[in-house]
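# Summary of the model geometry
Chain residues, written in single-letter form:
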Amino acid sequence: MEHQRCYIYSPTEPEERARKRQRTSKPHFQAQLPERLQTFRDMWSHQEERIQETLEDADSSTQEAIANFVSASSQDTEDLSLAIPTALIILGPSIASHGPFFERLGRRIKHDTNNIYVVLTSGESPNLKTLLKNLIKKVTSRVDDDDDDDEMRRPLATSRNGPKLLDFDLGHLQEWQKRNRAQNIVLAIQDSNAFDASVLIELVDLLHSWLDRLPFVLLVGIATSAENLEDRLAGKTLRYLQGQKFDVTQPDEIIEKLFSATVARPDARLRIGPNISQRILKRQRDHVQNVQDFVDALKYAYMSHFYANQMSIFLKDGISFEDLSSDDVEVARTLPSFRSRVEQLLDESRVQEVRKLLDDDYHTFRVLTEAIASGQNALSSLNAAATILSRVRQALQMSPEVMCSTIWTRAAAGEIIGSPFLRETMLLVRRVPSDKFAQLLNALEHSEGDFVIDPRPYKQELEQLLEQNPDSTPLRTQHDVRNDSVRTTVVAQKVLLSKHKAALSKQDKAYSELVGRFHDEMECFFSSAFINPQTLLLSEVLIYDLKSPHTEVFQPKPRYAIERALALPHDYLGCDCCSGVAGKGEGSALSGTQPASAILYQMYLESGALINVSDLWSAFHAIAGEGEEEEDGESKTMQRGLAELKYLGLVKPSRKKTDHIAKTMWKGL
Amino acid sequence: MLPDEVLLQLNRDFPCRESQIHQLAALYSQTLPSPSLLVAHGLTATAKSTLVRAFLARSSLPHAIVNCRECITGRHLLEHTVAACLATVEAYYDETLDKRPFARTDSLSMLAVNLGKLLDGRDKFVLVLDGVDRLREPMPTLMSALGRFGEVIPNLALVLVTTLPVRNLHHPGTPHLHFLPYSRADLLEILGQKPPPIFLTPPSAEQYSDYTPELAAEDDAWLWNRFLGAVWDSLSKHTGRDLISFRNTATRLWRPFVEPVISGQFGTRDFSRLMVNRRHLFQLEDSVLDRIMPAAPTSTNFILSKPTTAPGKPLPLTKKKTLAYDLPYYTTVLLIAAYLASYNPPRTDVTYFMKHTDKRKNRRHRTASTKTATSATAVTKTKSRKIPRHLLTPSPFPLDRLLAVFRSLVDGRVPQVADVGTQIATLTSLRLLTRVGAQGSGAGDVLEAGARWRVSFGWEYARSLGRVVDIEVGEYLVGGVD
Ligand SMILES: Nc1ncnc2c1ncn2[C@@H]1O[C@H](COP(=O)(O)OP(=O)(O)O)[C@@H](O)[C@H]1O
Ligand SMILES: [Mg+2]
């Protein structure tokens, strides 16, 4: 394959280039772009605030615990076995969020007391020396002292002219500490997993040796588990560390919270549709588990909507007819939801209205803006219904445990209404005993948002009932299975089972009635709120749910793309010469007109792990060859094809056998 | 010689070191000449550092002690040594020196020159290099050069503190001071001096009015000494024989050991009954292992709840639970696949991972057949027992093999998304997978074809991962693990 280092390649000139078609008129793809961008920015800044709040909220308790740990560690220095106070912080595998976490933590720790806080990452710590240099630089540059002042207070041993401390000598820190008297020198090791174990071991050894002079505290960020870290450090090193483990909120919990705060928030003006939501969530579960990725995906969805969809102008706050360009309304009329509305009107024989909708731009505009407002309301109640449903299930501790985001996506896809899932929940609500009913009402009361059902009157009534209740057993409704007893009677040698309702007490009756009312109200609300959002007029504007740019951007398939391009070049080239051959089926589409790399790839797929180049050559020749005289050019094209395969990492030269190359990639992996 | 009361005090602080203290006192006195070089050697925690330091501090000789553990390179040691000597001389003679001539010390000969300059015309000066044999980046000639310092600088008395006696000094007559490892009796004597209290809060005064602090201290010492003996005989004799390991083990076990005494189940002198009751403490290895987090006190509660039944092995519950962190689904499967690719030989992949064969059946079949084979030829084959695969070192595998195993483990199709590659890269940066091979680490494409990986976690972790995603990893491992 490499017998010739270099050769001249002269590609054959294609006979004629496809002429570019001239654009005749300038289409208004970017109509009102600035307005749309402004709307986007407004909306996204709200979302971003919520995201930030949620994130800070999520780890604030852990951060507080760590800060307490740090300030407590400065007190008990009188320990017999002097060891470095160490906080093992289990951060989980989403590396991207470790940095921000330590940043927030640092703000807190520095704020709390007279601590110095330094973050070390694996990137800047390839070995102990570099690590120490960085550490010293970061600590000593924190407080900007006057240089002359410095000189005065510096101990005699290291005056300007004497031996200088080497720049990785922790003596620098000691001098600094003499002047600043920090309570703790907090070292945060951001990504301990990526550190060389030997560097960590040496670092700990060194810090421990200095511990009698410098009050070190270690914070170790761990992506895997504390045991994993202990395994990596040698036994003696562990002796020098003593500490505690801190868990941050699990990433799936944070994602769930973020989802409620952004996608499933009550007042979102643009909704993310079920398809994309599901994709984002599934990707989090299966692949990445990374808060930043979630936020990016969401932002990209918002951007795609406002940047590329002209109709998104309708989401602008307080839009007026003058804001629209001439063809906006015209374009809106082509939307599927508009058409189906028209058809619906026609079915109802309201021809006049249809006419007006089609002719009168201003009227149509009014209808559309109303549709936006009412659509947003409908989606809000859908959102509320999904949240309530999930709360109810949680309060009743129903199994299987279904996450709120799952319920939400199902609701957004219009799948909840009439589903066994909803029916089952409602059945349980109907026969809920009074203790759980109280919990349920509490759960509904403590939730924000505009709930259509007010739990307070129910609560009052329930309390009254409970006061009258003579014993402490919870009240039961008539539907409660525990009020049924099965009676066995033997009649003519057959066993008869008959269900029997136990007589209800007066309280139970009253309670049944109360729960019944609650159940009915809730059912009524659910059946009105769980709509199919696709049926809303202008649902294309209200909901962004396009699969295409999302998958391409967030889940590209590079390997699949290359494999497919090599296997089916015609699909990409669109030339006439190959189309006849590559008609049906895959694999059988070999033809001399295809690019050399594609031909070679076909052969490659059929061969084993080692490929004989001369066999390959003869096979290639049989397909691509047209006459004896062209052999030289052919050999060049094959060389080039092979080089391309090598460049793609498909083959590599092999030392196992002469004249053979090794196959390194298999299709479909 | 030092005054007797100082020696007495030293002997009180460091029991079982009489001979070493005596020799030190003889070698380093104010008036008599000292050896130009002394090698003080001994295993860890034999009081080398602390005793030398304490001795010199009381001896009123000018001395500097350099802790080599704090020196990052050989050069660092040189600079550090000069700085330390300068500081000592200034403090001892109470004068301010012109330090400019000492600004640079970048070689051993420079060190000799600088020290010579500094000590010229002064009294004897003791320089201790503590742990020179553990220096991180030593110069090759360090030891032999240090051996000759005495010839160059007559009033320097150099002390090298090492773990093993130094061979390459090229000086036959160098005196060595051996810090002998402690015997059982020594250890019990040293640790027995400071018994920890049984009762953290003294028992209520009204109820036990006659239990005075003196009595309590007596009880503490009595029980502690017996307890130390038990710990030594059952645990520390076999592992961690040095003083510090022994002390750590004993302190870790002490609180759970005296728990029944505090709860009133046994008296303070019921040693043998206490031993029977707490025997499980001496059967587990947990207490001899160093951990960052203090061990959870689950075991004691566990035992207390059923004191009569034989205290079985308390399960390390916490450990099991935290072993596998919640990884995304495919990441978990990828790790399992990597583990299998590392531990199974490639030629067995067809049997274990072909989609159309029933994997489990296959494995059972294989082991069954091998079993019958071995039993038939039991006499000859027993000798060539194989090491279970999961105890061997992992072998490297190429990327495509990992992906192939991964796909066969997952039910249903996994799209060929870039996320799979991202995950492999992430796992590599978490060092759960290690990239092997010469193609410069870090440089270039992480997922370059031809690169090879191996796992860097063990069987326990792989199995716990498998539990998370319902894959019984042992079933796929050649040879199987139960
Ligand atoms: N004979 C002894 N008496 C009291 N404490 C001792 C004795 N021997 C060792 N130790 C203690 O053991 C610990 C380790 O001693 P160290 O001097 O660091 O050992 P080395 O330098 O030999 O490794 C110190 O805390 C020291 O006080
Ligand atoms: Mg020592």
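It should be emphasised that the depicted structure is a prediction, and the values quoted were computed from it without experimental measurement. (Residues numbered from 1 in each chain as written. Chains lettered and ligands numbered in written order. Predicted model: local features only at pLDDT ≥ 70, side-chain atom pairs only at ≥ 80, totals over all residues. Heavy atoms only, no water.)

### Focus on helix H10 (residues 274-286) of chain A
- Between the first and last C-alpha of H10(A) there are 18 Å, a value that for 13 residues agrees with the 18 Å anticipated at 1.5 Å per step.
- Every buried residue of H10(A) is listed here: A:Pro274, A:Ile276, A:Ser277, A:Ile280, A:Leu281, A:Arg283, A:Gln284 and A:Asp286. (Helix = DSSP H or I, 4+ residues; strand = E, 2+ residues; numbered from the N terminus. Expected span 1.5 Å × (residues − 1). Buried < 20%, exposed > 50% of the residue type's maximum accessible area, 1.4 Å probe, protein only.)

### Digging into the UniProt feature "domain: Origin recognition complex subunit 3 winged helix C-terminal" (unreviewed entry) in chain A
- According to UniProt, the feature "domain: Origin recognition complex subunit 3 winged helix C-terminal" (unreviewed entry) maps to residues 559-636 and 640-666 of chain A in the numbering used here.
- Note that residues 640-666 of chain A is 30% helix and 26% strand, and that its end C-alpha atoms are spaced 21 Å apart. (UniProt positions renumbered as here; feature names shortened; annotations may be inferred.)

### Some details on the domain arrangement of chain B
All names here are of chain B.
- Here the domain parsing of chain B yields domain 1 (4-179), domain 2 (185-203 + 211-290) and domain 3 (329-372 + 388-476).
- The C-alpha centroid of domain 2 is placed 38 Å from the C-alpha centroid of domain 1.
- The interface is formed by 5 residues belonging to domain 1 together with 7 residues belonging to domain 2.
- Three residues stand out in domain 1 for area buried against domain 2, namely Pro15, Cys16 and Ala45, and they jointly supply 82% of the buried area on that side.
- Here domain 1 and domain 2 share 0 salt bridges between them.
- Our enumeration of links across domain 1 and domain 2 arrives at 0 residue pairs in polar contact (both at pLDDT 80 or more).
- By residue class, the composition of the side of domain 1 that touches domain 2 is 3 nonpolar, 1 polar and 1 charged. (Domains from an automatic or database assignment. Contact = heavy atoms within 4.5 Å. Buried area = accessible area lost by both parts, 1.4 Å probe. Salt bridge = Lys/Arg side-chain N within 4 Å of Asp/Glu carboxyl O. Polar contact = N/O pair within 3.5 Å; in protein donor to acceptor, adjacent residues only side chain to side chain. Nonpolar A, V, L, I, M, F, W, Y, C, P; charged D, E, K, R; others polar.)

### Thoughts on the side chain of A:Gln32
Residue and element names in this part refer to chain A.
- Structurally, glutamine 32 is set in the segment before helix H1 (33-73).
- Classification of glutamine 32 by relative accessible area gives buried; the value is 10%.
- From its side chain, glutamine 32 meets the backbone oxygen of aspartate 323 in a polar contact 3.4 Å long.

### Concerning the interface of chain A and chain B
- The partner chain B presents 61 residues to the 78 residues of chain A that form the contact.
- On the chain A side of the interface with chain B, the three residues burying the most area are A:Arg239, A:His287 and A:Leu669, jointly 13% of the side's total.
- Put simply, chain A and chain B have 9 salt bridges between them.
- Here B:Arg136 and A:Asp205 are joined by a salt bridge, their closest N and O atoms 3.9 Å apart.
- The tally of links from chain A across to chain B stands at 23 residue pairs in polar contact (both at pLDDT 80 or more).

### Looking at the site of ligand 1
Residues and elements named next belong to chain B.
- Taken together, 16 residues sit near ligand 1, with Pro15, Lys48, Ser49, Thr50 and Tyr182 positioned nearest.
- Between ligand 1 and proline 15, the relevant distance is 2.8 Å, taken from a nitrogen atom to a main-chain nitrogen or oxygen of the residue.
- For ligand 1, the accessible surface in isolation is 560 Å², of which the surrounding protein chains cover 78%.
- With 3 residues, the single largest contributor to the shell around ligand 1 is helix H3 (residues 48-59). (Near = heavy atom within 4 Å. Areas by Shrake-Rupley, 256 points an atom, 1.4 Å probe, with all protein chains shown as cover.)

### Topic: the sheet that holds strand E11 (residues 651-653) of chain A
Residues and elements named next belong to chain A.
- Within the open sheet, the 3 strands sit side by side as E10-E12-E11. Their pairing is antiparallel. What marks the edges here is a single partner per strand, and that holds for strand E10 (610-612) and E11. Averaged over all neighbouring strand pairs, the angle between strand axes comes to 35 degrees, with direction disregarded.
- Here E10 pairs with strand E12 (residues 660-663) via 3 bridges, running antiparallel. The residue bridging leucine 610 from the neighbouring strand is alanine 662, located in E12.
- Set on the sheet, helix H27 (residues 613-624) makes contact with E10 and E12; between it and E10 the angle comes to about 60 degrees. (Pairing = 2+ DSSP bridges. Axes fitted to C-alpha atoms, helices over the stretch in contact; angles between N-to-C directions.)

### Describing unusual backbone geometry
- Following A:Ser399, the chain continues to A:Pro400 via a peptide bond in cis, the omega torsion being 0 degrees.
- The phi dihedral of A:Ser349 falls on the positive side, at around 60 degrees, and the residue is not glycine.
- By secondary structure assignment, the location of A:Ser349 is in the loop between helix H13 (336-347) and helix H14 (351-359).
- Assessed through its relative accessible area of 55%, A:Ser349 is described here as exposed.
- With a phi close to 60 degrees, B:Arg431 is a non-glycine residue in the positive phi region.

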